[in-house]
Every structure is written in C-alpha cells, then in structure tokens.
Amino acid sequence: MKIELKKIKFSEHLSEETNAFTADLYINGKNAGYVKNDGQGGCTDYYPNEGMRELVNEAEQHCLTLPPINYGTFQIDMNSENKIDQLFEEWLKSKDEAKLQKKLQKDMLKGICFKIDGGYSISSWKGHTLATLLQNPNGKQAVKNHLKKLVGEGKEILNTNIPQELYQ
C-alpha cells in the first residue's frame, strides 16, 4: 500500500513542541484525506475525505503491520499517525538536503569543499575563485598542492568541478 503526503505546508514559526504542518493524504494514488499538526505538542490528526473512510481504514490496518520505528535505545510501534509523521520527517530531511546541495554547488565555485562531521567546510584563496585559479598554471599547481594536502589528511573532497588530473 502506497501512502504519501502531498501539498505539504510547513509552518516553522508556529512549531513549538512538534512540527506544525498540513498536507493532503494520498493512499494508492487517491486523495484520501487531510493531515494537520498544530505544533503544540499534540498528535498529528488526519481526516478522511468524503467517501474515503474505507480506504483510510485499510491504510490504518496496513500501518499496524509495518516494522516499528527504531530510535537506537528505544522503538515505537508503527501506526497511521506515526507513519504520517515519518513521511513528514522524510520530506523535511529531503528539503534540508536540497538546500545544503544548492549551497554546496555555490561554494564549489569558491574553493575546495570537503566533508566534516555534520556537513562540509570550504578551503578558499583570498581574492580568487576556484575557476580563476584553474585558468593559470600557478593557480592549478596551488589547487593541486592543496588537494594533495587535504587528501593526505584523509579529507573527502566534495567538488565535482575540479579536473581529475589535479588529484594525481
């Protein structure tokens, strides 16, 4: 059974103890209901659209058969509310990841980006972009030397805009 959230509207400024959001609930491709959490620490509520009660009931039964959500030291049994919350958290995570990727693409133009715990860092040259450095032999050599240093320190380079020959 395919359960999805669409037309998600997240209100971060209204989120106090939980995430405040609304969404349309789709089950097997059908707009089956409406979802909301007011962000005050209560449950995520969902309401079936007219004529969709039976489909929502089937989804509720299906969710009870899904594996529990594991949080390391404890786990929560799956139900329809927890499934909806899980879908929202996945949406939020993908939105944050997309924002991070967009920023990374911009930072790659400035310098060498490498992975660190919790994200990435950028190593750049004052007054120069990576593109301007790669346009002259001395700049290429500076980039090559810095890449060698970072890789030697075990850093994972995230740039996709550095020619492969500079890594050797």
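So, here's what we can say about the structure. Quick caveat: nothing in here was measured; it's all calculated off a predicted structure. (Residues numbered from 1 in each chain as written. Predicted model: local features only at pLDDT ≥ 70, side-chain atom pairs only at ≥ 80, totals over all residues. Heavy atoms only, no water.)

**Focus on the side chain of Ser-123**
Then, number 1: Looking at the secondary structure, you find Ser-123 in strand 8 (residues 119-124).
Then, number 2: A distance of 2.5 Å separates a polar atom in the side chain of Ser-123 from a polar atom in the side chain of His-146.
Then, number 3: Look past the residues within four positions of Ser-123 in its chain and what remains in contact with it is Gly-111, Ile-112, Phe-114 and His-146. (Helix = DSSP H or I, 4+ residues; strand = E, 2+ residues; numbered from the N terminus. Polar contact = N/O pair within 3.5 Å; in protein donor to acceptor, adjacent residues only side chain to side chain. Contact = heavy atoms within 4.5 Å.)

**Some remarks on the sheet that holds strand 2 (residues 20-27)**
Then, number 1: Read from one edge to the other, the open sheet built from four strands follows the order 1-2-3-4, with strand pairing classed as antiparallel. Looking at the sheet topology across the chains shown, the edges are occupied by strand 1 (3-10) and strand 4 (45-48). Ignoring which end each strand starts from, the neighbouring axes of this sheet average 25° apart.
Then, number 2: Direction of pairing for strand 1 relative to strand 2: antiparallel, over a ladder of six bridges. Counted as the bridge partner of Ile-3 is Ile-27 from strand 2.
Then, number 3: Along the sheet, helix 1 (residues 53-64) makes contact with strand 1, strand 2, strand 3 (30-38) and strand 4, crossing strand 4 at roughly 140°.
Then, number 4: Across the sheet, helix 2 (residues 80-110) lies against strand 1, strand 2, strand 3 and strand 4, angled at about 60° from strand 1, the strand it touches most. (Pairing = 2+ DSSP bridges. Axes fitted to C-alpha atoms, helices over the stretch in contact; angles between N-to-C directions.)

**A few points about the packing of aromatic side chains**
Then, number 1: Going through the model one piece at a time under the given rule, you end up with four aromatic pairs.
Then, number 2: A network of ring pairs unites the aromatic residues Phe-10, Phe-21, Phe-88 and Trp-91 as a single cluster.
Then, number 3: One cation-aromatic arrangement involves Lys-6 over Tyr-26; the distance from NZ or CZ to the ring centre is 4.4 Å. (Phe/Tyr/Trp six-rings, centres within 6.5 Å; stacked < 30°, edge-to-face > 60°. Lys NZ or Arg CZ within 6 Å of the ring centre and 35° of its normal.)

**Re the nonpolar core**
Then, number 1: Among the nonpolar cores identified, the biggest contains 17 residues, and Leu-5, Leu-25, Ile-27 and Val-35 are the most heavily contacted of them.
Then, number 2: Every element with two or more residues in this core is listed here: strand 1, strand 2, strand 3, helix 1 and helix 2.
Then, number 3: In this structure Ile-27 touches Met-1, Lys-2, Ala-32, Leu-55, Val-56 and Ala-59, once residues within four positions along its chain are discounted.
Then, number 4: Ile-112, Phe-114, Ile-157 and Ile-162 belong to the second largest nonpolar core, which has eleven residues in total. (Core = buried A, V, L, I, M, F, W, Y, C linked by side-chain atoms within 4.5 Å. Buried < 20%, exposed > 50% of the residue type's maximum accessible area, 1.4 Å probe, protein only.)

**Structural notes on the pattern of salt bridges**
Then, number 1: By the definition in use, this model includes six salt bridges.
Then, number 2: Between Asp-107 and Lys-110 there is a salt bridge, with the nearest N and O atoms lying 3.4 Å from each other. Taken as a pair, Asp-107 and Lys-110 lie in helix 2 at a separation of three residues, close to a single helical turn.
Then, number 3: In this structure Asp-107 comes out as buried when scored by relative accessible area, which is 7%.
Then, number 4: Of the residues examined, Lys-110 reaches a relative accessible area of 45% and is grouped as partly exposed.
Then, number 5: Of the charged contacts in the structure, one is a salt bridge between Lys-149 and Glu-153, with a shortest N-O distance of 3.1 Å.
Then, number 6: The class of Lys-149 is partly exposed, set by a relative accessible area of 44%.
Then, number 7: Taking the relative accessible area as the measure of exposure, Glu-153 reaches 45% and is therefore partly exposed. (Salt bridge = Lys/Arg side-chain N within 4 Å of Asp/Glu carboxyl O.)

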